[in-house]
Amino acid sequence: MKQMSNEISNKISKKLSLARSFEKAHFSEIQRQERPGFHLSPALGWLNDPNGFSFYKEEYHLFYQYNPYSTRWDAMHWGHWTSKDLLHWDYQEASLAPDEDYETGVFSGTAIADKDGSHLIMYTADYTKAPDYSTDLSGKNGIRRETQCIARGDGREYQKFEGNPVLSEKDLPEEFTIEDFRDPKLWIGKDGKYYAVTVARKKRDNLGAALLFSSENAVEWQYLDTIRENDGSFGGMWECPDFFFLEGRPVLSLSVMNMKNTSPLFRNGNCTVVFVGDTISEELKISSELKSKQSEQALANLIQQTMKQAKPQALDLGFDFYAPQTMERDGRRIMVGWMQAPEGGSNAPENAKWYGQMSFPRELFFRGDRLCQRPIPEIQKLYKDTVELEISCEKEEKSYADLEDKILDLSLRISASKDCLKYQECSEQKVVSKRQEVFQMKFAKQGENYVLCTYDFASGILTVDRSYAGRSASICEVRRIYVGSSEELSLRLLLDRFSFELFVNDGEQVLSGTLYELPEEAKEISFQGEGIHLQVEKHSLKEIELGAL
């Protein structure tokens, strides 16, 4: 039987040592005002997926996919932040580097506080070798192999298991390919066993699936079941699964590759979808009353049956949100996502010193069957100035000096008259009144630079347009979502130097986007819409504290 030592070695590999030296040599070149005010950015270089979001030794830990040497994706390392309060964060040295012969990249994974007191990481080791066309023009001599590995640490230093990988071809059902087998979500069940959900690509149709594994010791694993398969309705391959119970309901979050826009309730491209199952109150009974494999298989069957009927829902309908991870602490389920569309990975602004941001932490909750999200309430500790206004919008656009800011938390309650869509009799047919009420807000505005948000009360369509936000790259610039026709709408905008997060109707829908090349002076906010009434509450925000390496 494989055994993993609990002792953490002080030995640092050459690749990890080089990454840390590079970090220390260049970290101070990025000034505080060059970073977001209250969102996290990498120490330097490139950032993508959040990893290992966990609470260990009285600290929150958030790791991230990381290339310190460039603002483009390359051989992945793990960067690392720690925090006492989810607001202010300290940069830590790079935690993992691709320094073993089974990996050319340390891909995504999760972390937990283990039963022995160590910090246990489970991650994907990606090994890629480019085809050698000089010996085989078909390119079939290239290699791509993804396996699951573990490492233990003390919150600062981590040691990879000598017996890695712990999940490989021999553990994967024949119907799946080892080329796309990644991103383990690890947890300890109520029965004390280790469980992990990964994704894998099916050989027969090249579509993704979510697989459930179990282990007694985190080293020896067995396949239990496939809890959800892609039938072609949700993109192609899946990535970065998260699985958790919230209010007794199982939730499977998946980052979907190449989603087609077949419904106004979802978006195209690479995006995130959640599947919400019915309440499983039996989970505790199953885990406590049954023994060994009975417990594992019963729980797997129950999850599989529930997830098969689970209802899909878009998690973020904006431009930039992918690969979210959650953790539970003090009864709250908290989520952080990568605020970037993967297809925009080569679009770092010229001369950028870093590229990639995390969303502000969000708390998940249910309103009926709807999984909703709102900024964690700790944000209130960043408030420094508050302005409250009641505004009757006009036909012409009007800016408000009291609302000007680039780093803020802005809440709007928007209401229109009851006859916003009025039908009039004209001869024997009905025609729509010429006066159809549309609310318009421009934010991060300076001259002809701004982001435009509109809501049509009649059609129920909310539009966010960043085509005037000054990006030099060719990126997706307009998102339209169906909110529903109503006389009232609430919006909450978190605006930062390089991003925005827009929460609709107390988090029933969210749209996130990056704003990399807007000038610092783009602070105006304007409203427009005859007959529309606003209740406005604006909080300027202090910058979060960032501890240096």
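Structure shown above.
None of the values given here were measured: they were computed from a predicted structure. (Residues numbered from 1 in each chain as written. Predicted model: local features only at pLDDT ≥ 70, side-chain atom pairs only at ≥ 80, totals over all residues. Heavy atoms only, no water.)

Trainee: Even after reading the chapter, I still don't get the overall build of the chain, so can you show me in this structure?
Mentor: On a plain count of helices and strands, the chain comes out with three helices and 36 strands. Whereas a compact globule of 549 residues would reach a radius of gyration of roughly 24 Å, the chain reaches 24 Å, a difference of no more than 12%. If one aligns the C-alpha atoms of the chain with their principal axes, the spans along those axes are about 80 × 55 × 55 Å. A total of 549 residues make up the chain; the buried ones form 59% of that total. If you sum the accessible surface of the chain, you get close to 22,900 Å²; carbon and sulfur atoms cover 45% of it. (Helix = DSSP H or I, 4+ residues; strand = E, 2+ residues; numbered from the N terminus. Rg over C-alpha atoms; globule rule 2.2 N^0.38 Å. Buried < 20%, exposed > 50% of the residue type's maximum accessible area, 1.4 Å probe, protein only. Areas by Shrake-Rupley, 256 points an atom, 1.4 Å probe, with all protein chains shown as cover.)

Trainee: I'm lost on the packing of aromatic side chains in this one. Help?
Mentor: Scanning the model with the defined rule gives 32 aromatic pairs in all. An aromatic cluster is present here, built from Trp46, Tyr322, Trp338, Trp354, Tyr355, Phe498 and Tyr516 joined pairwise through their rings. Above the ring of phenylalanine 366, the side-chain terminus of arginine 249 is found at 4.8 Å from the ring centroid. In this arrangement the basic side chain of arginine 329 is found over the ring face of phenylalanine 55, its NZ or CZ atom lying 3.7 Å from the centre. (Phe/Tyr/Trp six-rings, centres within 6.5 Å; stacked < 30°, edge-to-face > 60°. Lys NZ or Arg CZ within 6 Å of the ring centre and 35° of its normal.)

Trainee: Is there a simple way to think about the layout of surface pockets in this case?
Mentor: When its volume is computed, the second largest pocket comes out at roughly 460 Å³. Along the walls of the second largest pocket sit 23 residues, with Asn48, Trp73, Phe107, Glu239 and Met257 positioned nearest its centre. Looking at the lining of the second largest pocket, the elements that each hand over two or more residues are strand E1 (45-56), strand E5 (105-113), strand E7 (143-153), strand E9 (176-188) and strand E13 (238-246). Among the residues forming the lining of the second largest pocket, the class breakdown is ten nonpolar, five polar and eight charged. (1 Å grid on protein atoms, 1.4 Å probe; cavity = no way out; pocket = protein on both sides within 12 Å on 5 of 7 lines; lining within 4 Å. Points joined across faces, edges and corners; volume = space filled by probe spheres on them. Nonpolar A, V, L, I, M, F, W, Y, C, P; charged D, E, K, R; others polar.)

Trainee: Is there a simple way to explain the pattern of salt bridges in this structure?
Mentor: A side chain of one charge can pair with a side chain of the opposite charge when the charged atoms of the two come close. Enumeration over the complete set of coordinates arrives at 48 salt bridges. We note a salt bridge from arginine 20 to glutamate 157, for which the minimum N-O separation is 3.1 Å. With a gap of 137 residues between them, arginine 20 in helix H1 (residues 14-26) and glutamate 157 in the loop between E7 and strand E8 (158-160) connect regions that are remote in the sequence. Judged by its relative accessible area of 18%, glutamate 157 is buried. Here glutamate 397 ties to lysine 442 by a salt bridge, and the two come within 3.2 Å at their closest N and O atoms. Note that glutamate 397 is positioned in the loop between strand E22 (383-392) and strand E23 (398-399) and lysine 442 in strand E27 (residues 438-446), a separation of 45 residues in sequence. Of the residues examined, glutamate 397 reaches a relative accessible area of 31% and is grouped as partly exposed. Shared partners join several salt bridges into a network, and the residues in it are Asp126, Arg144, Glu146, Glu179, Asp180, Arg182, Asp183, Arg201 and Glu239. (Salt bridge = Lys/Arg side-chain N within 4 Å of Asp/Glu carboxyl O.)

Trainee: What's the story with the sheet that holds E1 in this structure? I'm lost.
Mentor: Strands in a sheet are paired, the pairing made by backbone hydrogen bonds, and the direction either parallel or antiparallel. One open sheet accounts for six strands, arranged E19-E1-E2-E3-E4-E36; its pairing is mixed. Edge positions in the open sheet fall to strand E19 (354-355) and strand E36 (546-547), since each of these has one partner strand only. Here E1 pairs with strand E2 (residues 59-67) via seven bridges, running antiparallel. Its bridge partner lying in E2, tyrosine 56 is registered against glutamate 59. The sheet strands contacting H1 are E2, strand E3 (77-83) and strand E4 (89-96), and the helix crosses E4 at an angle near 150°. (Pairing = 2+ DSSP bridges. Contact = heavy atoms within 4.5 Å. Axes fitted to C-alpha atoms, helices over the stretch in contact; angles between N-to-C directions.)

Trainee: Sorry, what's going on with the pairing of strand E29 (residues 461-465) here?
Mentor: Residues in a regular strand point their side chains to alternate faces of the sheet. E29 sits mainly inside the fold: four of its five residues count as buried. As paired strands, strand E28 (residues 449-456) and E29 are joined by five bridges and run antiparallel to one another. Residue pairing across strands places aspartate 456 opposite isoleucine 461, the latter belonging to E29. Connecting E28 to the antiparallel partner E29 that follows it, the hairpin turn spans four residues, and glycine 460 within it adopts a positive phi of roughly 75°. As paired strands, E29 and strand E30 (residues 478-482) are joined by five bridges and run antiparallel to one another.

Trainee: Mind showing me how you'd approach the sheet that holds strand E6 (residues 119-129) here?
Mentor: Strands sit in the order E5-E6-E7-E8 across an open sheet of four strands; the sheet is antiparallel. Of all strands in the sheet, those bounded by a partner on one side alone are E5 and E8. Mean inter-strand twist for the sheet, computed between neighbouring axes without regard to direction, equals 25°. Pairing of E7 with E8, which is carried by three bridges, proceeds in the antiparallel orientation. Residue pairing in the sheet places alanine 151 in a bridge with lysine 160 of E8.

Trainee: Even after reading the chapter, I still don't get the state of the cysteines, so can you show me in this structure?
Mentor: This structure, assessed with the given rule, holds zero disulfides. Unpaired in terms of disulfides, cysteine 453 finds its nearest cysteine sulfur in cysteine 393, a separation of 12 Å. For cysteine 453, a relative accessible area of 0% puts it in the buried group. (Disulfide = S-S within 2.5 Å.)

Trainee: Any chance you could explain the environment of aspartate 74 here in plain terms?
Mentor: Assignment of secondary structure puts aspartate 74 in the loop between E2 and E3. Judged by relative accessible area, which is 46%, aspartate 74 ranks as partly exposed. A sequence separation of 130 residues divides aspartate 74 from arginine 204, and the C-alpha atoms of the two residues are 30 Å apart.

Trainee: Would you take a moment to explain the side chain of aspartate 49 for this structure?
Mentor: Mapping aspartate 49 onto the fold places it in strand E1. Buried charged residue aspartate 49 carries no salt bridge. Nearest counter-charge: arginine 182, at 7.4 Å. Among the polar contacts listed, one links the side chain of aspartate 49 to the side chain of serine 108, at a separation of 2.8 Å. Apart from the residues lying within four places of it in its own chain, the contact partners of aspartate 49 are Phe63, Tyr64, Gln65, Ser108, Cys240, Ala323, Trp338 and Met358. (Lys, Arg positive; Asp, Glu negative; His and termini not counted. Polar contact = N/O pair within 3.5 Å; in protein donor to acceptor, adjacent residues only side chain to side chain.)

Trainee: Any chance you could explain H1 here in plain terms?
Mentor: In an α-helix there are 3.6 residues to a turn, and that puts residues three or four apart on one side. Here H1 spans 18 Å end to end across 13 residues, near enough to the 18 Å set by a 1.5 Å rise per residue. Regarding H1, the residues found buried are Leu16, Ala19, Arg20 and Glu23. All buried residues of H1 project into a common sector of 95° when viewed along the axis, lining one side. H1 presents Lys14 and Leu18 as exposed residues on the side facing more than 90 degrees away from its buried surface. (Expected span 1.5 Å × (residues − 1). Arc of directions from axis to C-beta.)

Trainee: How should the side chain of histidine 77 be read in this particular structure?
Mentor: Turning to its location among the elements, histidine 77 is positioned in strand E3. Overall, the relative accessible area of 5% leaves histidine 77 in the buried class. One polar contact links the side chain of histidine 77 to the main-chain carbonyl oxygen of alanine 75, over a distance of 3.1 Å. With residues up to four places along the chain from it excluded, the contact list for histidine 77 reads Lys15, Ala19, Tyr64, Gln65, Tyr66, Pro68, Tyr69, Leu96, Ala97, Pro98 and Val106.

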